[in-house]
Amino acid sequence: MKRLPADQLLAWFAHARRDLPWRQQRTPWRVWVAEIMLQQTTALVASKRFPEFMQRFATPRALAGAEESAALAAWAGLGYYRRVRSLQQAARVVVRDHAGSVPRNEQILRGLPGIGDYTAAAIVALAFNQPAAVIDANVARVMARWLGHESPVNSQAFRSAAREVLLHSVPAAQARNFSEALIELGALLCRAAAADCAACPLARSCVAHSTQSVERFPHPAPRKLSTAVDSLRLLVRRGRRVVMVQRPADAALLPGFWELPGAWLPRGSATDAAMLRTLLAPIGLKAAGEGRVLRQVSHSITTHRLRCRLVEVDARGRLRSAALVDPTAPQRNLTTESAKLLRVGAI
DNA sequence: AAATCGTGGGA
DNA sequence: TTCCCAAGATT
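Residues numbered from 1 in each chain as written. Chains lettered and ligands numbered in written order. Predicted model: local features only at pLDDT ≥ 70, side-chain atom pairs only at ≥ 80, totals over all residues. Heavy atoms only, no water.

A. Here's a closer look at the nonpolar core. Core analysis: the largest hydrophobic core is formed by 98 residues, its most contacted members being Trp32, Phe53 and Leu182. The residue makeup of this core includes at least three contributed by each of domain 1 (6–216) and domain 2 (227–343). Formed by 16 residues, the second largest nonpolar core is a distinct cluster that contains Leu234, Val236, Ile283 and Ala315. (Core = buried A, V, L, I, M, F, W, Y, C linked by side-chain atoms within 4.5 Å. Buried < 20%, exposed > 50% of the residue type's maximum accessible area, 1.4 Å probe, protein only. Domains from an automatic or database assignment.)

B. Fine view of the protein's contact with DNA strand C. Taken together, 22 residues sit near DNA strand C, with Trp22, Gly114, Thr119, Asp136 and Asn138 positioned nearest. In DNA strand C, atoms within 4 Å of the protein come from the sugar-phosphate backbone in 63% of cases. Thr119 places a side-chain nitrogen or oxygen 2.5 Å from a phosphate oxygen of DNA strand C. Asn138 places a side-chain nitrogen or oxygen 2.5 Å from a phosphate oxygen of DNA strand C. (Near = heavy atom within 4 Å. Polar contact = N/O pair within 3.5 Å; in protein donor to acceptor, adjacent residues only side chain to side chain.)

C. Structural context of the protein's contact with DNA strand B. Near DNA strand B lie 22 residues; those nearest to it are Lys48, Gly77, Tyr80, His299 and Thr336. The separation between a sugar or linking oxygen of DNA strand B and a polar main-chain atom of Gly77 is 2.9 Å. One of the backbone N or O atoms of Leu78 is found 3.1 Å from a base nitrogen in DNA strand B. Elements with a contribution of two residues or more to the surface near DNA strand B: α3 (43–56), β6 (286–301) and α14 (336–343). (Helix = DSSP H or I, 4+ residues; strand = E, 2+ residues; numbered from the N terminus.)

D. Seen up close, the sheet that holds β6. The strand order across the open sheet built from four strands is β5-β1-β7-β6, with neighbouring strands paired in mixed fashion. Of all strands in the sheet, those bounded by a partner on one side alone are β5 (262–266) and β6. The average angle at which neighbouring strand axes cross in this sheet is 25°, direction not considered. Two elements, strand β1 (residues 227–235) and strand β7 (residues 304–316), share nine bridges in a ladder whose sense is parallel. Its bridge partner being in β7, Leu234 is matched across the sheet by Val311. Contacts between α14 and the sheet are confined to β1, β5, β6 and β7, with β6 contributing the most and set at about 110° to the helix. (Pairing = 2+ DSSP bridges. Axes fitted to C-alpha atoms, helices over the stretch in contact; angles between N-to-C directions. Contact = heavy atoms within 4.5 Å.)

E. Examining empty space enclosed by the protein more closely. Evaluated as defined, the whole model comprises three cavities of 30 Å³ or more. Each pocket or cavity is described by its volume, and for the largest cavity that value is around 100 Å³. Take the lining of the largest cavity: its biggest share by element is three residues, from helix α9 (residues 137–147). Residues belonging to the lining of the largest cavity are distributed by class as follows: twelve nonpolar, no polar and two charged. In this structure, the second largest cavity spans a volume of roughly 50 Å³. Surrounding the second largest cavity, Arg233, Arg247, Leu253, Leu254, Glu259, Trp264, Ile301, Thr335 and Glu337 form its lining. Broken down by class, the residue content of the lining of the second largest cavity amounts to four nonpolar, one polar and four charged. (1 Å grid on protein atoms, 1.4 Å probe; cavity = no way out; pocket = protein on both sides within 12 Å on 5 of 7 lines; lining within 4 Å. Points joined across faces, edges and corners; volume = space filled by probe spheres on them. Nonpolar A, V, L, I, M, F, W, Y, C, P; charged D, E, K, R; others polar.)

F. Spatial organisation of the layout of surface pockets. Reported here for the largest pocket is a volume of approximately 1400 Å³. Around the largest pocket sit 39 residues that line it, and Leu38, Gln40, Asp136, Ala137 and Asn138 are the ones nearest its centre. Counting only elements with at least two residues in the lining of the largest pocket, the list comes to α8 (117–128), α9 and α11 (175–188). Per-element accounting of the lining of the largest pocket gives the leading share, five residues, to α9.

G. How the structure looks around the pattern of salt bridges. A complete count under the given rule lists 16 salt bridges for this structure. The residue Asp117 makes a salt bridge to Arg110 at a minimum N-O spacing of 2.7 Å. Residue classification places Arg110 among the partly exposed residues on the basis of a relative accessible area of 34%. The salt bridge involving Arg233 is made with Glu337; its shortest N-O contact spans 3.0 Å. Here the residue Arg233 occupies a position in strand β1, and Glu337 occupies one in helix α14, the gap between them amounting to 104 residues. As far as the burial class goes, Arg233 and Glu337 line up, both buried. Among the ionic contacts, a cluster of salt bridges with common partners joins Arg18, Arg23, Arg26, Glu180 and Glu184. (Salt bridge = Lys/Arg side-chain N within 4 Å of Asp/Glu carboxyl O.)

Structure representation (structure tokens):
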């Protein structure tokens, strides 16, 4: 079987390696948290948030013992909040079943909430220097090109081919550097849009490069289309505070988060007095007048593109199922959409 | 197993 | 502005 040129890869990594926060004081817990934070999140964003999160939750035990709202607050703005909820659940399992230390076994790790094939392999390799098939989007792209594999990167055929080559190529004592080097190679050289083959230590043996077809691999995934939505958010003042409501605990989207009262509406919906009445009635309020638009921001949530308008409304009534919050110092976990509407300048 | 979950940043 | 991407997991 073809084998990746590990020595050349490691030599390249030795000088190209970026100095990222999670590569300092490497411990299993720091590796784990970093891998979760980096899921679908750029290294630039994660590097700004990682140090503070680790300071706040320095051990699995620290996170396990915290309130969920504190964990969410430390994750605010990173998105995919299920990640931190799962991480906290997993930390509790580790405290309960593993005396608070991160398991070294890939299968045990794989069974913890929020840890899939990639993250289990990454922890084993990067934290414990054990050989594993660490295949993230970067490595998948590198391997698809290097092998010239025609199958989609999420196919079983490609995955098993890549896994076999990786496990056959990884130097037993260099699992950490080898695995991290391939990720780094994908991030720095073998990028999706533009590959820098001239600098690549794998180019000599790369099928895509030798056939001048790097841009053909991997085959692009079909585009998911997004929906345009108008989000109407109401600003109802009570002195210095404003009315906020909490999303249901079983909501598919952002469960348990607080936000300004309002709704998502089909793009172009009328925002007349009747609409205000409909939105305010559930929280016991009755609008006086039509309200006025204070500002508009754009935001997107997975497949939805939101145009968010903040409408100030005078309303009376006895508040139900809602809370009064100081918008300059919100104590609760807000949706980013509402936070954006309140953040832009003073209201 | 295709659809869904958030967000910031760069092109 | 708009589009696309970024160290995936879950159902």
